[in-house]
Amino acid sequence: MNNEFLKFKPDTALNLFEKLFHTGIFFLIFPSFFIGKFVAIANPTSVRVPTENPEYFTFKYEPNFAFGFICSLVAFYFFLMLWKITCQLVYIIFRALEKYIESKD
């Protein structure tokens, strides 16, 4: 295994939080998917099903995948904005700490 991979090197707070932000985007996909799945199942849509007599039909309820997909995208965007705000706030705190440490030297 490469020993350089396990070593920490000095880096700016901006670079670290950019890496953290981009890594966190991947983990936002899972809750968005489950919210979309829940919405699709909780809001079923009715589908016309023909019966033996061609003049009549009945309804069958199925998950509303289109509405679930749209809600999943909205949830992903909402979580993405929350994640960005969180990363920005923590970056501001770390940047203020860096400035404070530099001023003490």
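Novice: So what about the packing of helix α2 (residues 13-42) against helix α3 (residues 65-104)? Which residues, and what values?
Specialist: Running from N to C, α2 and α3 point in directions that differ by 155°, and their axes come no closer than 7 Å. In terms of their interaxial angle, α2 and α3 are classed as roughly antiparallel. Of the two elements, α2 crosses α3, and the hand of that crossing is right-handed. Per-class residue counts for the contact of α2 with α3 are 25 nonpolar, five polar and two charged.

Novice: Outline the pairing of strand β2 (residues 57-62), supporting the account with residue identities and numerical values.
Specialist: Strand direction decides the pairing type here: strand β1 (residues 45-50) and β2, joined by six bridges, are antiparallel. When the sheet's bridge partners are listed, Pro50 is paired in β2 with Phe57. Between β1 and the antiparallel strand that follows it, β2, lie six residues.

Novice: Describe α2, and please don't skip the residues or the numbers.
Specialist: Counted at 1.5 Å a residue, the expected span for α2 with its 30 residues is 44 Å, and the 43 Å between its end C-alpha atoms agrees. Along its length, α2 reaches its greatest deviation from straightness, about 25°, at Phe26. Turning to α2, its buried residues are Ala13, Phe17, Phe21, Gly24, Leu28, Ser32, Gly36, Val39 and Ala40. Turning to α2, the residues buried within the fold contact α3.

Novice: Give me the packing of aromatic side chains: which residues, what numbers.
Specialist: Counted under the stated rule, the structure contains six aromatic pairs. Arranged with centres 5.6 Å apart and planes meeting at 85°, the rings of Phe26 and Phe30 form a pair that is edge-to-face. Of this pair, Phe26 and Phe30 both sit in helix α2, separated by four residues, roughly a single helical turn. Three or more aromatic residues joined by ring pairs make a cluster, and in this case those are Phe17, Tyr91 and Phe94. We note Lys84 situated over the ring of Phe21; from NZ or CZ to the ring centre the distance is 5.5 Å.

Novice: Explain the pattern of salt bridges residue by residue, including any values.
Specialist: According to the stated counting rule, one finds two salt bridges in the structure shown. In this structure, Glu62 engages Lys60 in a salt bridge whose closest nitrogen and oxygen atoms are separated by 3.3 Å. A residue is classified by how much of its surface remains accessible, and Glu62, at 31% relative accessible area, is partly exposed. Note on Lys60: relative accessible area 42%, which makes it partly exposed. Across the pair Glu98 and Arg95 runs a salt bridge whose closest N-O atoms are separated by 2.6 Å. You can see Glu98 and its partner Arg95 sitting in helix α3, three residues apart, about one turn around the helix.

Parameters at a glance
- Residues numbered from 1 in each chain as written.
- Predicted model: local features only at pLDDT ≥ 70, side-chain atom pairs only at ≥ 80, totals over all residues.
- Heavy atoms only, no water.
- Axes fitted to C-alpha atoms, helices over the stretch in contact; angles between N-to-C directions.
- Helix = DSSP H or I, 4+ residues; strand = E, 2+ residues; numbered from the N terminus.
- Parallel < 35°, antiparallel > 145°, perpendicular 65-115°, else oblique.
- Left-handed = near helix turned anticlockwise from the far one by under 90°.
- Nonpolar A, V, L, I, M, F, W, Y, C, P; charged D, E, K, R; others polar.
- Pairing = 2+ DSSP bridges.
- Expected span 1.5 Å × (residues − 1).
- Bend = angle between axes of the 7 residues up to and from the residue.
- Buried < 20%, exposed > 50% of the residue type's maximum accessible area, 1.4 Å probe, protein only.
- Contact = heavy atoms within 4.5 Å.
- Phe/Tyr/Trp six-rings, centres within 6.5 Å; stacked < 30°, edge-to-face > 60°.
- Lys NZ or Arg CZ within 6 Å of the ring centre and 35° of its normal.
- Salt bridge = Lys/Arg side-chain N within 4 Å of Asp/Glu carboxyl O.

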